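Observations on the three-dimensional arrangement
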Amino acid sequence: MSRKLQLNLTELDHTRSSKVTDQYRDTKYLIVGKWGLISDTFSIYSITGELLVSVRQQSMGMTPKFDLYYLDQFVGTSVIHFTMHYTTIFINGINWLITGNQDKQSYRITRGRTHIATIKSYSQSDQVIRIMSVDNIDHEPLVLAIAALLNHPSLVHASRLKLSVLEKISDPKLESENIQTLHNK
């Protein structure tokens, strides 16, 4: 079953935590953590408080490495390659390939020929919203970890994103939900 998840990158940057909601505005996950130094961690928790995924930074520099853990089991290490406009990340262990455009903040996750998810960032007022469309609910926590990883300063950091470059949220359902969410804060 496929479902869309929404993450507010601006909130994650400023508070180092953010709720992740589905298309019905129900909170599904919580992301907490920070990047920058070796051993810094991002963690994804279920709504019941169970630690699902943690991503630990293993190196610094232009192509930092990250270790992913799912339910306290090592899943794999990221291998990052990026050029002027495009990013490629390979998660060995699970053999996921993340490819995308840094300028448009649009990414696709595949394993071989199997589509796992898409990740796209949109602008809304002065906020950067990342929407993930995940094909299998079991993959959601790892996809969220990757969405957080894509926000690492060595890649395209949300504070450096040009909101005018990002598309506006065009789905009226998501747009009204985002506005409602912002008013509820």
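Residues numbered from 1 in each chain as written. Predicted model: local features only at pLDDT ≥ 70, side-chain atom pairs only at ≥ 80, totals over all residues. Heavy atoms only, no water.

**Overview of the overall build of the protein**
Secondary structure assignment for the protein yields 3 helices and 13 strands. The buried share of the protein, taken over its 185 residues, is 49%. Counted over contacts in the protein with a minimum sequence separation of 6, partners at least 24 positions apart contribute 37%. (Helix = DSSP H or I, 4+ residues; strand = E, 2+ residues; numbered from the N terminus. Buried < 20%, exposed > 50% of the residue type's maximum accessible area, 1.4 Å probe, protein only. Contact = heavy atoms within 4.5 Å.)

**As for the pairing of strand S10 (residues 106-111)**
Every other side chain in a regular strand lies on the same face of the sheet, so the side chains alternate between the two faces. For strand S9 (residues 96-101) and S10, the ladder comprises 5 bridges, and the chain directions are antiparallel. Its bridge partner lying in S10, Asn101 is registered against Ser106. Between the antiparallel neighbours S9 and S10 lie 4 residues, among them Gln105 with a positive phi of about 55 degrees. Alignment of S10 against strand S11 (residues 114-124), held across 6 bridges, turns out to be antiparallel. What sits directly across from Arg111, in S11, is Thr114. In this structure, the hairpin formed by S10 and S11 is closed by a connection of 2 residues, where Gly112 is found at a positive phi of approximately 65 degrees. (Pairing = 2+ DSSP bridges.)

**A word on the pattern of salt bridges**
Tallied over the full model, the rule gives 2 salt bridges. Of the charged contacts, one joins Arg3 and Glu140 as a salt bridge, the two residues approaching to 2.6 Å between their closest N and O atoms. Here Arg3, found in strand S1 (residues 3-8), pairs with Glu140, found in helix H2 (residues 140-149); they are 137 residues apart in sequence, far enough to count as distant. Note on Arg3: relative accessible area 13%, which makes it buried. Glu140 gets classed as buried once you look at its relative accessible area, which sits at 1%. When the shortest N-O distance is used, the salt bridge between Asp22 and Lys28 registers 3.8 Å. Relative accessible area serves as the criterion here: at 24%, Lys28 is assigned to the partly exposed category. (Salt bridge = Lys/Arg side-chain N within 4 Å of Asp/Glu carboxyl O.)

**Some thoughts on the environment of Leu12**
Locating Leu12 in the fold gives a position in helix H1 (residues 9-15). By relative accessible area, Leu12 is classed as buried at 3%. Taking C-alpha positions, Leu12 is 8.6 Å from Gly33, a pair spaced 21 residues apart along the chain. Each residue touching Leu12, except ones within four places of it in the same chain, is listed here: Leu7, Ser17, Ser18, Ile31, Phe42 and Asn151.

**Quick notes on the side chain of Arg130**
Examined against the element boundaries, Arg130 turns out to sit in strand S12 (residues 127-134). The exposure class assigned to Arg130 is buried, which follows from its relative accessible area of 0%. Engagement of the side chain of Arg130 in a polar contact is seen with the backbone oxygen of Ala147, the distance being 2.7 Å. Aside from chain neighbours lying at most four places away, what touches Arg130 is Leu5, Gln6, Leu7, Leu9, Gln105, Tyr107, Ile119, Lys120, Ser121, Ala147, Leu150 and Asn151. (Polar contact = N/O pair within 3.5 Å; in protein donor to acceptor, adjacent residues only side chain to side chain.)

**Brief notes about the confidence of the model for the protein**
Parts of the prediction with low pLDDT should not have their coordinates interpreted in detail. On average, residues of the protein carry a pLDDT of 81, and 81% of them reach 70 or more. Counted against residues more than four places away or in other chains, residues 156-160, with its pLDDT under 50, gives 15 contacts. Contacts from residues 178-185, a stretch scored under 50 in pLDDT, to residues over four places away or in other chains number 10 contacts. (pLDDT = per-residue confidence, 0-100.)

**Some thoughts on the nonpolar core**
Soluble, globular proteins show a tendency: their nonpolar side chains are buried together. One finds Trp96, Ile109, Ile119, Met132 and Val143 to be the most contacted residues of the largest nonpolar core, which totals 39 residues. Per-element accounting of this core gives the leading share, 8 residues, to H2. Setting aside its immediate chain neighbours within four residues, Val143 contacts Trp96, Ile109, Ile116, Ala117, Ile119, Met132 and Val134. (Core = buried A, V, L, I, M, F, W, Y, C linked by side-chain atoms within 4.5 Å.)

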